Amino acid sequence: MRFHAAIARRSWSACRPAGKPAYYDVKYPGTCNARRDNLQGFWKNQFGHTHGLIVVNAFYENVNRHKAEGRELAPGEEVENLVLEFRPRPTQDMPIACLWSKWSGTGEADLLSFAAITDEPPDEVAAAGNDRCIVPIRPGYVDEWLNPLGRHAQELLDILDDRERPYYEHRMAA
């Protein structure tokens, strides 16, 4: 089974892994992203089993204003959230590596959900105040990524490491 999703400007909710309770994605809202350094830990039931792609030409991140401005909080200053839009230059559609899950619960509709894989950000994303970045994969790896069964974990990690590395410009999201 393959799960493909294309998104434009919207955010996605959390991935609810199969077998977890229904409240899980609300209690742990960070599961909209699958950290690359935890693919063989928390995400072990999806990594190597249920891979997907989303195609984006921009992504949005919540950052703290003081981090985006490259400074510490001033005494008495409250943390303020900003939403930044990041776009690759040159402009391009990027296939983003994801993991997905089909959750089933007694008396509830099945839920297909996914988490985008993230890793350490490139310098320009980190300088904007964000500590993670989505992982675009090279088009030549699409079939291998979407058909992970029977592949060694290292082969799949190598696909993520040999990624496209565009430069990301950012601006305040409208």
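Our subject is the structure listed above.
Just so we're clear, the structure is a prediction, and the values are computed from it rather than from any experiment.

Some remarks on the sheet that holds strand 4 (residues 59–64)
In a beta sheet, neighbouring strands are held together by backbone hydrogen bonds and run either parallel or antiparallel to one another.
Working step 1: A sheet is described by the order of its strands in space; here three strands give the open sequence 4-5-9, paired in antiparallel fashion. The sheet is open, and its two borders are formed by strand 4 and strand 9 (167–172), each paired with just one other strand. Neighbouring strand axes in the sheet, compared pairwise and without regard to direction, differ in orientation by 35° on average.
Working step 2: Pairing analysis gives six bridges linking strand 5 (residues 81–89) to strand 9, with the strands arranged antiparallel. Looking across to strand 9, one finds that Leu84 is bridged to Met172.

Some thoughts on the side chain of Glu61
Working step 1: Note on placement: Glu61 falls in strand 4.
Working step 2: Arg132 provides the closest opposite charge to the buried, unpaired Glu61, separated from it by 8.6 Å.
Working step 3: With residues up to four places along the chain from it excluded, the contact list for Glu61 reads Leu82, Val83, Leu84, Phe86 and Asn130.

Some words on the packing of aromatic side chains
Working step 1: Throughout the structure, instances matching the rule amount to four aromatic pairs.
Working step 2: Summarising the aromatic geometry, the rings of Phe59 and Phe86 are spaced 5.1 Å apart at their centres and angled 15° between planes, so their arrangement reads as stacked. Placement of the pair is Phe59 in strand 4 and Phe86 in strand 5, with a sequence separation of 27 residues. Comparing Phe59 with Phe86 shows no difference in burial state: the two are buried.
Working step 3: Centre to centre, the rings of Phe59 and Tyr168 are 5.2 Å apart; their planes meet at 85°, and the pair counts as edge-to-face. Remark: Tyr168 occurs in strand 9 and Phe59 occurs in strand 4; sequence separation between them is 109 residues.
Working step 4: Residue classification places Phe59 among the buried residues on the basis of a relative accessible area of 5%.
Working step 5: Its guanidinium or amino end placed over the ring of Trp103, Arg16 lies 4.4 Å from that ring's centre, counting from NZ or CZ.

About the criteria used
- Residues numbered from 1 in each chain as written.
- Predicted model: local features only at pLDDT ≥ 70, side-chain atom pairs only at ≥ 80, totals over all residues.
- Heavy atoms only, no water.
- Pairing = 2+ DSSP bridges.
- Helix = DSSP H or I, 4+ residues; strand = E, 2+ residues; numbered from the N terminus.
- Axes fitted to C-alpha atoms, helices over the stretch in contact; angles between N-to-C directions.
- Buried < 20%, exposed > 50% of the residue type's maximum accessible area, 1.4 Å probe, protein only.
- Lys, Arg positive; Asp, Glu negative; His and termini not counted.
- Salt bridge = Lys/Arg side-chain N within 4 Å of Asp/Glu carboxyl O.
- Contact = heavy atoms within 4.5 Å.
- Phe/Tyr/Trp six-rings, centres within 6.5 Å; stacked < 30°, edge-to-face > 60°.
- Lys NZ or Arg CZ within 6 Å of the ring centre and 35° of its normal.

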